[in-house]
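# Structural features, examined
Residue-level listing of the chains:
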There are 2 protein chains.
Amino acid sequence: MHDNRYTLSVSEIPDAWYNLAADLPEPIPPHCHPRTGEPVTPEDMAAIFPPALIEQEVSTERWIPIPDAVREKLAIWRPSPLVRARNLEKHLGTPARIYYKNEGVSPAGSHKPNTAVAQVYYNKLAGIERIATETGAGQWGSSLAFACDLFGLSCKVYMVRISYEQKPYRRSLMKLWGAECIPSPSPDTQSGRSILEKDPDTTGSLGIAISEAVEDAASHDNTNYALGSVLNHVCTHQSIIGLELKKQIALAEDTPDVLIGCAGGGSNLAGLIWPYVKDTLDGKGPRLVAVEPSACPTLTRGRYAYDYGDCVGMAPLACMYTLGHGFVPSGIHAGGLRYHGMAPSVSLLAKLGALESVNYHQNAAFEAGVLFARTEGICPAPETNHAIRAAIDEAVRCKQTGEEKCIVFNFSGHGHFDLLSYDKYLAGELEDFDLPQENIDKALADLPRASVEVSA
Amino acid sequence: MHDNRYTLSVSEIPDAWYNLAADLPEPIPPHCHPRTGEPVTPEDMAAIFPPALIEQEVSTERWIPIPDAVREKLAIWRPSPLVRARNLEKHLGTPARIYYKNEGVSPAGSHKPNTAVAQVYYNKLAGIERIATETGAGQWGSSLAFACDLFGLSCKVYMVRISYEQKPYRRSLMKLWGAECIPSPSPDTQSGRSILEKDPDTTGSLGIAISEAVEDAASHDNTNYALGSVLNHVCTHQSIIGLELKKQIALAEDTPDVLIGCAGGGSNLAGLIWPYVKDTLDGKGPRLVAVEPSACPTLTRGRYAYDYGDCVGMAPLACMYTLGHGFVPSGIHAGGLRYHGMAPSVSLLAKLGALESVNYHQNAAFEAGVLFARTEGICPAPETNHAIRAAIDEAVRCKQTGEEKCIVFNFSGHGHFDLLSYDKYLAGELEDFDLPQENIDKALADLPRASVEVSA
């Protein structure tokens, strides 16, 4: 029997992260202050982030050492397996080789703990005893809860109320790991109270939850805030995915022709591709593909411009592909992909032409996820289904052309807590929403005054 | 950093199962007909089982070859990792080494697919096109659904109605893998209809669901029935766990002093210990420990006697430890451990003195599970928590005595679909039920007339 899993030992966990900033032909444009429009200073960031992360955020060093204390915690589930999807290949009848890097094996079930563990460590090092954050569907909240528990920090998660009620399992995970998880808007912050006064029955939103978490961090001693995607240091922490992949694909005696990841804020895609980008920029690396939902097509239909990181205009301005901070995507099940912007680093790669992008409707994505579950056994997260769809389409094109390509995608997470959305798909109850251009134009017309439009 | 995971390549998946029958000093007493009390013949079994499984059920050959077609499907998730729980050890401050064999990595999340894949293969070989079964909480039903999907057989699962309503996620998994899952009692069988006529609001029971599944198999062409535990061939299929363990623990340059598994029907424990029993019987092997819930203490407080395999007296009589087929355990969350009997092979080992047993209340088990989740990251199934509790207690005793024991337990499954029971535990809402001796005596007084009491 042929091997299908390429595993590394704990001692082969990389000892440094890969920082893309070292490889870019132009610098990543800095974050700017939401009111002044001036570049954010380290002092601005010091209110909610520890020094080491602020330093990583602006570093242009290629290699950033991973502290042993972080590697020791990563070893709880890493190195994650690289798996060749032979059953899927056989089903498709493709000459292509399809591999997936399984980030679903982490305790929280996705790639998010890769950065959560690092962020909590640096906060602890800075004497921080408590971290506040927001979460939508709960992937990030549960990952941060897990990481805080490992290092003995307190954790408070403001969870968008509708998700709090609809996703009790992720809420339970956070409690299991000792975190306090409260529905947002909550009576615990000024922002929360003012919203509740106006509308006691509100379902909440990520924007409100961010406001609550930032206010909490700013108003409590020894409390910081943490973000699960978008920022450079988050993408750098995720590069461990691509670094392990390089070793594992060598064990398989193969070389990637295409690397594929779904993209919401951009961090799981970044993690997969960072160590390959230099070769791609030099014209000798793999094709790099970002996969988005048609309901939130930031790279495929958005504009490259400065826009607020959040949807209420309180977070710093980032230079990125955006649909406008006021853009509200329809209620697709891939909650992790419903972000109006995209990591500035990932956005710059797209602008430079090094990163392709494609979008799919959710029924097409779920169709791919079900095929994956029925051939490879694992039930994927709705976000991950987007990457699977693109990998399958690439493999089917290979069948037509006869090309024996090596396709690698990032299996960003499992779908054990998303099974009710599969029920809806299987019952034919999932909607694919058309997104008229005027909706995007309208949201883009409202870009911040401070915005410097960089290119169309 | 020290290694903590011992992985094998796909080519190291064992090519033969280990059949304990070859090692026993006396034969496993045969199943007997529920009405006549005479040993069940292969012809009796042929109505619902394929020839190969009937042969395996009574075989005394030590090695039973695993067909390549089965190994190929097992390779979707096997070999499963052996993990050293270094974070748990550190937390306990024990000189003991604690390892767990992680069967939670299977697509359905437990050890059950090990036998489901084999059973479906042999049914397909015999020209069977459809399999009917029952399921309680859904571990077995989802595993059989997965295996049927892999081999292209139809699958119908009669799921106890209260679980069908309370555990929508496992029901979704079955549908994802193409199975029909219906709440039992159902209008689809004579047994189901007659119950529904009397009590339309019944919550159902495993006994009723078994009756429906067996009736379905007997009344449909090319349809067989499949059982997820208890029988010899099921335990033999699970021996792949212990066979892999032998190779992996050698990689760790270690030797088990104690092997621990939770025990409901007995198959996950059997799978772990089968290849070690001969040495233990010869006085040179590890201690073997079965862990039960206090609410259903079959080995620890039951009687070794012939009793019905089901709770309504339609299934064959098995010679086993039993609490009486009429015994109804309290509603603990470890649904997979609520069986009144125990695999005859496992029972015989206990009778011979080769297998120790211990029982724990569910709060003690959940306490161990939470500690495991907070140190090793993975959230265990409520059943698995029983094995973890025993492993922790053993390690704590080592701390007191200074013994550097090697403790291995079977991590039979993850708890991703059981998080609501963790909520209840963390909220202090789980009850520990005392089980008065008179309740057991009463159920044992009702042992079948045909029962030959073998020993007290």
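The model shown is predicted, which means the values in this text are computed figures rather than measured ones.

### With respect to the overall build of chain A
Secondary structure assignment for chain A yields 19 helices and 15 strands. Taking 456 residues into account, the globule formula puts the C-alpha radius of gyration at 23 Å, and chain A, at 21 Å, falls close to it. Along the three orthogonal principal directions, the C-alpha set of chain A runs to about 60 × 50 × 45 Å. Looking at chain A as a whole, 64% of its 456 residues are labelled buried. Put simply, of all contacts in chain A between residues at least 6 apart along the chain, 77% involve residues at least 24 apart. Summed over its atoms, the accessible surface of chain A is roughly 16000 Å², and 49% of this surface lies on carbon and sulfur atoms.

### Structural notes on the relation of the copies chain A and chain B
The transformation that overlays chain A on chain B combines an axial shift of 0.0 Å with a rotation of 180 degrees, and the residual RMSD is 0.0 Å. Both copies are brought into coincidence by an operation consistent with a two-fold rotation axis. Nearest to the rotation axis, the C-alpha of H416(A) is located 3.4 Å from it, this being the minimum over chain A.

### So, the interface of chain A and chain B
Each side of the interface is counted separately: chain A has 48 residues, and chain B has 48 residues. Buried surface at the junction of chain A and chain B, summed over both partners, amounts to about 4100 Å²; 56% is from carbon and sulfur atoms. Viewed at the interface, chain B and chain A are joined by 4 salt bridges. D149(A) is paired through a salt bridge with R374(B); the nearest N and O atoms lie 2.6 Å apart. Taken together, chain A and chain B are joined by 20 residue pairs in polar contact (both at pLDDT 80 or more). Of all elements in the fold, only α3 (68–74), α4 (86–92), α6 (139–151), α8 (168–176), α16 (362–376) and α18 (419–426) of chain A reach the threshold of two or more residues within the side of chain A that touches chain B. Tallying contributions element by element places α8(A) first for the side of chain A that touches chain B, with 6 residues.

### Here we look at the sheet that holds strand β6 (residues 130–135) of chain B
All names here are of chain B. Pairing within the open sheet is parallel, and its 4 strands lie in the order β8-β7-β6-β9. Every interior strand has two partners, whereas the edge strands, β8 (180–184) and β9 (223–225), have only one. Looking at each pair of strands side by side, their axes are set apart by 25 degrees on average, direction ignored. Sheet analysis places strand β7 (residues 154–160) next to β8, joined by 5 bridges and oriented parallel. When the sheet's bridge partners are listed, V157 is paired in β8 with C181. Docked against the sheet, helix α8 (residues 168–176) engages β6, β7 and β8, running at close to 170 degrees with respect to β7. Strands in contact with helix α10 (residues 206–219) are β6, β7, β8 and β9; relative to β6, the strand with the most contacts, it is inclined by about 170 degrees.

### Notes on the domain arrangement of chain A
All names here are of chain A. One can read the domain layout of chain A as domain 1 (46–53 + 111–231) and domain 2 (68–109 + 233–444). Distance from the C-alpha centre of domain 1 to the C-alpha centre of domain 2: 24 Å. With 30 residues of domain 1 at the contact, the number on the domain 2 side is 34 residues. Buried area between domain 1 and domain 2, summed over both chains or domains, comes out near 2800 Å², and the portion from carbon and sulfur atoms is 66%. Among the residues of domain 1 in contact with domain 2, H111, N114 and V230 are the three that bury the most area, contributing 27% of the side total.

### Observations regarding the pattern of salt bridges
Pairing between side chains becomes possible if they bear opposite charge and their charged atoms approach one another. All names here are of chain B. What the rule picks out here adds up to 43 salt bridges over all chains. For D282, the salt bridge goes to K278, with nearest N and O atoms at 3.8 Å. The partner of R389 in a salt bridge is E367, and the shortest N-O contact between them spans 2.8 Å. Taken as a pair, R389 in helix α17 (residues 382–401) and E367 in helix α16 (residues 362–376) lie far apart in primary sequence, 22 residues in all.

### Quick notes on the environment of T384(A)
Take T384(A): it is sitting in helix α17 (residues 382–401). Once you skip the residues sitting within four places of it in the chain, T384(A) turns out to touch C262(A), N410(A), F411(A), S412(A) and G413(A).

### Digging into the side chain of N268(A)
Residues and elements named next belong to chain A. Here N268 lies in helix α13 (residues 267–281). With a relative accessible area of 5%, N268 lands in the buried category. From its side chain, N268 meets the backbone oxygen of C262 in a polar contact 2.9 Å long.

### As for unusual backbone geometry
The omega torsion across R78(A) and P79(A) is -10 degrees, close enough to zero to call that bond cis. Turning to its location among the elements, P79(A) is positioned in the loop between α3 and β4 (82–84). Going from S184(B) to P185(B), the amide bond is cis rather than trans, its omega being 5 degrees. Within the fold, P185(B) resides in the loop between β8 and α9 (190–198). Positive phi values are uncommon outside glycine, yet V230(A) reaches one of about 70 degrees.

Calculation notes
The residue count restarts for each chain, going from 1 along the sequence in the order it is written. Chains and ligands are labelled sequentially in the order written, the chains with letters from A and the ligands with numbers from 1. Owing to the predicted nature of the model, reporting of local features is limited to residues with pLDDT of at least 70; listing and counting of side-chain atom pairs is limited to 80 or more, with chain, interface and lining totals taken over all residues. In computing side-chain properties, one takes all heavy atoms of the structure into account and sets aside hydrogens as well as water. A run of H or I in DSSP counts as a helix once it spans at least four residues, and a run of E counts as a strand once it spans at least two, with each numbered from the N terminus. As a reference, a globule follows 2.2 Å times the number of residues to the power 0.38, and the radius of gyration itself is taken over C-alpha atoms. Partly exposed describes any residue whose relative accessible area lies between the buried limit of under 20% and the exposed limit of over 50%, with all areas from a 1.4 Å probe on protein chains only and scaled to the type maximum. Any two residues having at least one pair of non-hydrogen atoms within 4.5 Å are treated as being in contact. The Shrake-Rupley method, run with a 1.4 Å probe sphere, supplies the accessible areas, and residue values consider only the shown protein chains as cover. Copy-to-copy alignment: least squares on C-alpha atoms, limited to residues at pLDDT 70 or above in both. Accessible surface is computed with a 1.4 Å probe, and the buried area is the amount of it that two parts give up when combined, taken over both parts together. Here, a salt bridge means any Lys or Arg side-chain nitrogen found within 4 Å of an Asp or Glu carboxyl oxygen. What qualifies as a polar contact is a pair of N or O atoms within 3.5 Å, subject to a donor-acceptor requirement within protein and to the restriction that residues adjacent in sequence count only when both atoms come from side chains. Strand pairing follows a simple DSSP-based rule, namely that at least 2 bridges must link the two strands. The axes used here are C-alpha line fits, helices contributing only the stretch in contact, and every angle between their N-to-C directions lies in the interval 0 to 180 degrees. Per the annotation, domain bounds derive from an automatic or database assignment of domains.

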